[in-house]
Amino acid sequence: MIVAIDGPAGVGKSTIAKLIADELGLYYINSGSFYRAVTFAHLEEGGDPSNQDEVLKTAKKLKLEIIDSKVCIDGVDVEDKLHSPEIDKFVSQVSVDPRLRDLINVILRENAKKMDIIAEGRDITTVVFPDAKYKFYFDASAEVRANRRISQHPDGQSYESVLEGIQKRDKNDREKPFGSLKIANDAKIIDTSYLTIKQVCEKVVSAIKTQEMR
Ligand code: DC
């Protein structure tokens, strides 16, 4: 069973997907963590993240796997190293290379063969698992996401600069030539703007259960 979720940055995909994974007994996979792990490893080596050939070489050397829903490099859990401002800055450009995307998509599909998963990202419903039985697209306006970000992680940044950062990431995600953020025709769209986390979870679980009964 594959539950696939796409949506823009900061819409709550990770929080909600983890809760649904617990509720339905699924294995949680965050595809963005793989792009982050490659960026992390390359920066650790002192490499240039804008050199796609070099980044790909680094990625090919790594044993990237998911253990207990955490991304591991050569068996070591690196999950808590993946959200530094430096990785935030470079990951989007790293994720553009179609050769790297193919490499990561193979790992994602291998995992889905072994277990029931809930996976989230940008191209999960459209490219990675276009045949997934359950597809969702979470949405919320950039303004709502900026306000949530400020209330959840108050780090002194102004509303304007947070909003600008979100708008830039949306533009990158939507305009990249491969694996761009799109809404799959058969995805259920959930606007999370005025819903609580619990309400979004309920909508997803109820959609899955209703479809299961058909
Ligand atoms: O969801 P996130 O912020 O952790 O994603 C990190 C980066 O990876 C972000 O720039 C979008 C990109 N990404 C992607 O291109 N394709 C995916 N399936 C998931 C994430």
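Residues numbered from 1 in each chain as written. Predicted model: local features only at pLDDT ≥ 70, side-chain atom pairs only at ≥ 80, totals over all residues. Heavy atoms only, no water.

Take the overall build of the protein next. For the protein, the helix and strand inventory stands at nine helices and eight strands. The C-alpha atoms of the protein give a radius of gyration of 17 Å, which matches the 17 Å a tight globule of 214 residues would have. Considering the protein as a whole, with its 214 residues, one finds that 47% of them fall into the buried category. Of all intrachain contacts in the protein linking residues separated by at least 6 positions in sequence, the fraction that spans at least 24 positions is 73%. Surface exposure of the protein reaches about 11,100 Å², of which carbon and sulfur atoms provide 51%. (Helix = DSSP H or I, 4+ residues; strand = E, 2+ residues; numbered from the N terminus. Rg over C-alpha atoms; globule rule 2.2 N^0.38 Å. Buried < 20%, exposed > 50% of the residue type's maximum accessible area, 1.4 Å probe, protein only. Contact = heavy atoms within 4.5 Å. Areas by Shrake-Rupley, 256 points an atom, 1.4 Å probe, with all protein chains shown as cover.)

Inspection of the region around the ligand gives 14 residues, with Arg36, Arg101, Asp123, Arg169 and Lys176 positioned closest. One of the side-chain N or O atoms of Arg101 is found 2.8 Å from an oxygen atom in the ligand. A distance of 2.7 Å is found between an oxygen atom of the ligand and a side-chain nitrogen or oxygen belonging to Arg169. When isolated, the ligand has an accessible area of 450 Å², and the protein chains bury 94% of it. Of all the elements in the fold, those that place two or more residues in the shell around the ligand are helix 2 (31-44), helix 4 (85-94) and helix 8 (159-175). Grouping the amino acids of the shell around the ligand by side-chain chemistry returns two nonpolar, five polar and seven charged. (Near = heavy atom within 4 Å. Polar contact = N/O pair within 3.5 Å; in protein donor to acceptor, adjacent residues only side chain to side chain. Nonpolar A, V, L, I, M, F, W, Y, C, P; charged D, E, K, R; others polar.)

Pairing is parallel across the open sheet formed by five strands, whose spatial order is 2-6-1-7-8. Strand pairing shows two members of the sheet lacking a second neighbour, strand 2 (27-30) and strand 8 (188-191), which therefore form its edges. Ignoring which end each strand starts from, the neighbouring axes of this sheet average 20 degrees apart. Both strand 1 (residues 2-6) and strand 7 (residues 134-139) contribute to a ladder of four bridges, which runs parallel. Bridged to Asp6 within strand 7 is Tyr137. Seen against the sheet, helix 9 (residues 197-213) touches strand 1, strand 7 and strand 8 and runs at an angle of roughly 160 degrees to strand 7. (Pairing = 2+ DSSP bridges. Axes fitted to C-alpha atoms, helices over the stretch in contact; angles between N-to-C directions.)

Functional significance is not addressed by these values, which are geometric in nature.
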